[in-house]
Amino acid sequence: MLGIWARSCVRPATTVSLGFQRSATTVAFRVGLAPSQLRSSPARPSTTIILGQVSLFRRANSTSPTPLPQPPLDSAPTPGADGKAPKESIWSRVRQAFRKDPQGVSSFRKIVALAKPEKKPLLIAVGLLLVSSAVSMSVPFTIGKLIDFFSSTNPQIPFGLTIWQAGAALLSIFTIGAAANAGRAMLMRLAGQRIVGRLRERTYAAALRQEVEFVEKGEGDVISRLSVDSSIVGESVTNNLSDGLRAIVMSSVGLGAMIWVSPTLTMLMMAVVPPVSLGAVVYGRYIKKLSNQTQEAVGEMTKVATESLSALRTVQAFNALPQEEARFHEKVSKVITLARKEAIASGIFFGSTGWSGNLTILCLLGYGGTLVSRGEISVGDLTSLLLYTAYVGSGLQMLTGFFSSIMRGIGAGGRIFEILGRKPLIPHGVGEDVPATMQGPIRFEDVKFHYPTRKNVPILNGFDLEIKPGETVAIVGESGGGKSSIHSLLLRYYDPVGGRITFGGKDIREFSTISWRNAIGFVPQDPVLFTGTIASNIAYGNPDATREDIEAAAREANCEFVWGMPNGFDTEIGRLSLSGGQRQRLAIARALLKKPKILALDEATSALDATSERRVNDAIDKILRSRQTTCLFIAHRLSTIARAERIVVLEGGKVTETGTFHDLVTRENSRFRTLMAAQLNAAAGESLVSERHEPREEGEEEVEDFAVEEVKDTAKA
Ligand SMILES: Nc1ncnc2c1ncn2[C@@H]1O[C@H](COP(=O)(O)OP(=O)(O)OP(=O)(O)O)[C@@H](O)[C@H]1O
C-alpha cells in the first residue's frame, strides 16, 4: 500500500489536497477544498472530487452590483462535473441556438459591441487569463510527476534540476499564475463596471427622450431595466466571457493533455459529451425565456414599490399598508414562481450532467486502475489523467454556465436594446429652432385628440382657438373636459390626431421639441420640486442662470418667503418640503426665469388659501401687465379667471363660448354662468352680505374689484 500526500497550488485561491491510495484491487482518489476556502473562494467555479465523485460548486458573484432579486441560476449550488471533453465549440452551440432566433443574434452582436470601448483592458485580461490558465493546466501534470517522483525507487527530476531548484521554479510559476489571475479579475471587473455604467447612462438618456406616455405607463419597468438588466448584460460581457474563455482553455488543453496521456481512456470519457451538449442548448434556450419573464416580473414588482413609496403619505393616511403589502406580495410571488421553474430546470440539468460525469469517472477509475495494475500506465499518469478529467469536466460545466449566462444576458440585453433602439413617437430635438425674436399667434386649428391608451374616448373634437401675441386666455370647463390635455398638446407630450397647432403660422411639429419647449414656461397643477437648494429649483432647466436672474424671477413671482428662510436661496428643500402656495410661486419663478414667449399655467391657484392665492394672482398680474408673454391658463377660481382678457369655455372637446369675463357673465343663457353658477353665487353672496372677510392688502389689484362688482351686478340681475 502506498500513501502519498502532495499539496499544490492550482489557482491562487484554490489549494488542492491530493490523497492517493493503492492496493491490489482499490484505487481511491481525493481532491478537496477546505470549507473555508470554498466560502472565501471568489466567483470562479470550484471543483471538489471526493472518492471518485465529482461535484462542482458555482457561486454567484457576491460583489455583483445588482440590487434587486436575481434568478437563482448562479446562486444555487450546481452539483456534478461530467468529466468529458467538448466536442463542438461553444460558439457553434451559440450560433446553433441563435439560428432560430435572429433577435437573439442582433442582441448578442450589440452586447459584444458594448465591450468595444474596453477592447484594450479586455485584451490584456484575456492575455492574463491565458497565462493563469496555462499555469493551472500545468498542475495535474506536475502532480503526476511528483507522485511518480516520490513513488519511484530511483527518483529523477527533469532538466537535471535539484529538488530545491525545481521547488523554486514551481513557486515562481505559481506566483506568476496568481499575479496574472489577480490582474485578470481586476481588469475584467473594472471593464464590466464601466460597461454597465455606460449602458445605464445610455438607457437612462434614451428613456428620458421617450414620449411621456411610454415611461409613465412602465416607470418601474424602466427602472428595473436600468438596474437589473444592465448589470446582467455587463456581467455577460465581462465575467461570463472570462469564465467562458477560461472554460474553453481548460477543456481544450485538458483534452489535449488527456489524449497525450492515454487516448483509450480519453475516448471512454468522450462518450457522454454529445448528450450533455444537446442538453446545454435546450437548457440555455429555456433559461433565456425564463430570464425574460423574470426580468419583466421584477419590473412589475419595482413598479408597484415605486408607486406606493412615492405616495407614502397617502398610503399611510389611508392605512393602506396591508393592501400595498398584498400587492407587492403578489408581484414577488410571480418572481418566485419563475425562479422556482429556473431552479427546477437547473437542478435537473446539473443533476443529470453530474450523474453522467460521476459515471464516467467510475468507468475511468475502473479501467485506469486495471491499466495501472497491468503496468501499462504509471500511477502518476493515472493521477494526471483523473485531474485533467476533473479540469475538462469543470471546464465543460463552466461552458454550460457560460452559455446559459450569455442567454440570460441576451434576454436582458433585448429589454435594454428595446429602449435604446426605440424611436420616440415625438422625435426629440429634431426640427427647426424657434427663432429668438419670433412672435406670433398660437392657433389650435380643428384639433382632434384622444389618448393612445383610450382611443375610443375623444378628448378634443374640432378644437379651434387663436391666442394673439401677448394676450391672456383662460380656459374653463367641466372637470375632465380636456383642459390640461390642451397644455399637454401645447408642450408636445402628445401630438393631435387631427388638425394642427401653429405658432406664428408654423406647425409646432416643425420645431425641435427642445427649442419649442424652451419657448414655453409651464406651471403645472402640482409643481414638482427636486432635492436641492431653492436656487437650484428655480434655475431648474436653466443651469446658466445667475443668482441675480434667480432672485429677480423669485421677486417677480412673489416668492418673498425665500428671503425669510435661514439660508435664503441656499436653503435645501426636498420634494414636499414647501407649502402648496410656496411650491406654486416657486414654479412660477422657475417658468419666468426662462423668459418664455408663452406661459402655460394649469390651475396654478387650485390648492391655495385666499392669502396665498392673492399672492400668486399678484404674480400672474405682473406678468400679464407686461404683455410680453402670451398666456394660456387653466383656472377654476373666479378671481383667477377674471384676470384673463378672454375666456374660452371648453365643452364636448370644442369651444362653445368665448368672450371677456364681463361678456360671459352678462350674456343671456351663458354656458360660462352655468358652469360657474356655484362660485358666482357664493362670491355674490359673500360680497353682498359681508363684503369681505379678508383684510384688503396693500396693492391689491383692481381686477379683483372688477370681478366682485360684476358678480354683484350679475347676482342682483
Ligand atoms: N394619460 C392619460 N391617459 C388616458 N386618459 C387620460 C390621461 N390623462 C387624462 N386622461 C383623461 O382625459 C380626460 C381629460 O383630462 P384632462 O386632465 O385634460 O381634464 P381637465 O379638464 O384638465 O380636468 P380637471 O379640471 O379635473 O383637471 C379625462 O377624462 C381623463 O381621465
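Residues numbered from 1 in each chain as written. Predicted model: local features only at pLDDT ≥ 70, side-chain atom pairs only at ≥ 80, totals over all residues.

An unreviewed UniProt entry annotates the protein chain as ATP-binding cassette transporter originating from Ephemerocybe angulata.

K.L.:
What is the right way to look at the overall build of the protein chain in this model?
P.N.:
The helix and strand inventory of the protein chain stands at 22 helices and 17 strands. Expressed as a percentage of contacts within the protein chain between residues at least 6 apart in sequence, the contacts between residues at least 24 apart total 80%. (Helix = DSSP H or I, 4+ residues; strand = E, 2+ residues; numbered from the N terminus. Contact = placed C-beta atoms within 7 Å.)

K.L.:
What is the right way to look at the nonpolar core in this model?
P.N.:
General note: in soluble globular proteins, nonpolar side chains tend to be found buried as a group. The biggest cluster of nonpolar side chains holds 74 residues, and the ones touching the most others in it are Val-233, Met-250, Met-258, Leu-385, Tyr-388, Tyr-391 and Val-392. Going through the elements one at a time, helix H3 (102-114), helix H4 (119-151), helix H5 (163-208), helix H7 (219-261), helix H8 (263-270), helix H9 (273-310), helix H11 (321-373) and helix H12 (379-420) are the ones with two or more residues in this core. If you tally residues by element for this core, the top one is H12, at 21 residues. Here Leu-385 is in contact with Met-258, Val-261, Ser-262, Leu-265 and Gly-368, once residues within four sequence places are set aside. Ile-620, Phe-633, Ala-644 and Ile-647 belong to the second largest nonpolar core, which has 70 residues in total. (Core = buried A, V, L, I, M, F, W, Y, C linked by C-beta atoms within 7 Å. Buried ≥ 20, exposed ≤ 12 C-beta atoms within 10 Å, placed from the backbone.)

K.L.:
Would you take a moment to explain the site of the ligand for this structure?
P.N.:
All residues in the neighbourhood of the ligand are listed as Tyr-451, Thr-453, Arg-454, Ile-459, Gly-477, Ser-479, Gly-480, Gly-481, Gly-482, Lys-483, Ser-484 and Ser-485. Top contributing element to the shell around the ligand by residue count: helix H13 (residues 483-490), with three residues. Looking at the shell around the ligand residue by residue, the classes come out as two nonpolar, eight polar and two charged. (Near = placed C-beta within 6 Å. Nonpolar A, V, L, I, M, F, W, Y, C, P; charged D, E, K, R; others polar.)

K.L.:
Would you mind showing me how to read H12 here?
P.N.:
One full turn of an α-helix is made of 3.6 residues, so residues set three or four places apart face in the same direction. Taking 1.5 Å as the rise per residue, H12 with 42 residues should run 62 Å; its terminal C-alpha atoms sit 59 Å apart, in good agreement. Burial analysis of H12 places 40 of its 42 residues in the buried class, the great majority of the element. (Expected span 1.5 Å × (residues − 1).)

K.L.:
What is the right way to read the UniProt feature "transmembrane region" (unreviewed entry) in the protein chain from this model?
P.N.:
Listed under "transmembrane region" (unreviewed entry) in the UniProt record, and renumbered for this structure, are residues 122-143, 163-183, 244-261, 267-286, 343-367 and 387-407. Strand forms 0% of residues 343-367 and helix 100%; the C-alpha atoms that close the span are 35 Å apart. (UniProt positions renumbered as here; feature names shortened; annotations may be inferred.)

K.L.:
How should the pairing of strand E6 (residues 442-450) be read in this particular structure?
P.N.:
Moving residue by residue along a regular strand, the side chains alternate between the two faces of the sheet. Where E6 and strand E7 (residues 458-467) come together, seven bridges link them in antiparallel fashion. Bridge pairing in E7 places Lys-448 opposite Asn-461. Relative to strand E9 (residues 498-503), E6 is paired through five bridges, and the arrangement is antiparallel. Within E9, the residue paired with Ile-442 across the bridge is Phe-503. (Pairing = 2+ DSSP bridges.)

K.L.:
Which parts of the structure should I look at to understand the packing of H8 against H11?
P.N.:
Relative orientation and spacing of two packed helices are given, respectively, by the angle between their axes and the distance between those axes. Relative orientation of the contacting elements H8 and H11 amounts to 155°, with a least axis distance of 9 Å. Taken as axis vectors, H8 and H11 run roughly antiparallel relative to one another. Here H8 and H11 pass one another in a crossing that is right-handed. For the pair formed by H8 and H11, the contact residues are Leu-265, Leu-268 and Met-269 on the first element and Thr-360, Cys-363, Leu-364, Tyr-367 and Gly-368 on the second. Looking at the contact of H8 with H11 residue by residue, the class counts come to six nonpolar, two polar and no charged. (Axes fitted to C-alpha atoms, helices over the stretch in contact; angles between N-to-C directions. Parallel < 35°, antiparallel > 145°, perpendicular 65-115°, else oblique. Left-handed = near helix turned anticlockwise from the far one by under 90°.)

K.L.:
Whenever I open this one, the sheet that holds strand E16 (residues 646-651) confuses me. Can you help?
P.N.:
Pairing between sheet strands relies on hydrogen bonds along the backbone, with the strands arranged either parallel or antiparallel. One open sheet holds the six strands; their spatial order is E11-E14-E15-E8-E16-E17, and the pairing between them is mixed. Both outer strands of the open sheet, strand E11 (520-523) and strand E17 (654-659), are each paired with one neighbouring strand and no more. If you compare each strand with its neighbour and ignore which way they point, the axes differ by 20° on average. Where strand E14 (residues 598-602) and strand E15 (residues 630-634) come together, five bridges link them in parallel fashion. Opposite Asp-602, over in E15, you have Ile-634 as the bridge partner. Its contacts with the sheet place helix H17 (residues 580-593) against E11 and E14, and it is angled at close to 175° to E11.

K.L.:
Please clarify how the sheet that holds strand E10 (residues 506-507) should be interpreted in this entry.
P.N.:
Taken together, four strands build an open sheet; the order of strands is E7-E6-E9-E10 and the sheet is antiparallel. Each of the sheet's edge strands pairs with one partner strand only, and the pair in question is E7 and E10. This element, H13, spans E6, E7 and E9 of the sheet and lies at about 110° to E6.

K.L.:
Would you explain unusual backbone geometry in this entry?
P.N.:
Peptide bonds are, in most cases, trans, and in most cases residues other than glycine have a negative phi. Phi at Asn-319 is positive, roughly 50°, even though this residue is not glycine. Turning to its location among the elements, Asn-319 is positioned in the loop between helix H10 (312-317) and H11. At Asp-446, a residue that is not glycine, the phi angle is positive and equals roughly 45°. Structurally, the position occupied by Asp-446 is in strand E6.

K.L.:
Explain the confidence of the model for the protein chain to me, please; I cannot follow it from the model alone.
P.N.:
Any residue range with low pLDDT should be treated as having predicted coordinates unsuitable for detailed reading. Summary statistics for the protein chain give a mean pLDDT of 74 and a share of 77% for residues scoring 70 or more. Here residues 687-708 scores under 50 on pLDDT; set against residues more than four positions off or in separate chains, the count is 20 contacts. Confidence over residues 710-717 falls short of pLDDT 50; this stretch has 18 contacts with residues more than four positions distant or in other chains. As a predicted assembly, this complex carries a pTM of 0.67 together with an ipTM value of 0.97. (pLDDT = per-residue confidence, 0-100.)

K.L.:
Got a minute to help me understand the packing of H4 against H5 in this structure?
P.N.:
Axis separation between H4 and H5 bottoms out at 8 Å; the angle between their running directions is 145°. The crossing of H4 and H5 is left-handed. Of the residues assigned to the contact of H4 with H5, the class counts are 17 nonpolar, seven polar and one charged.

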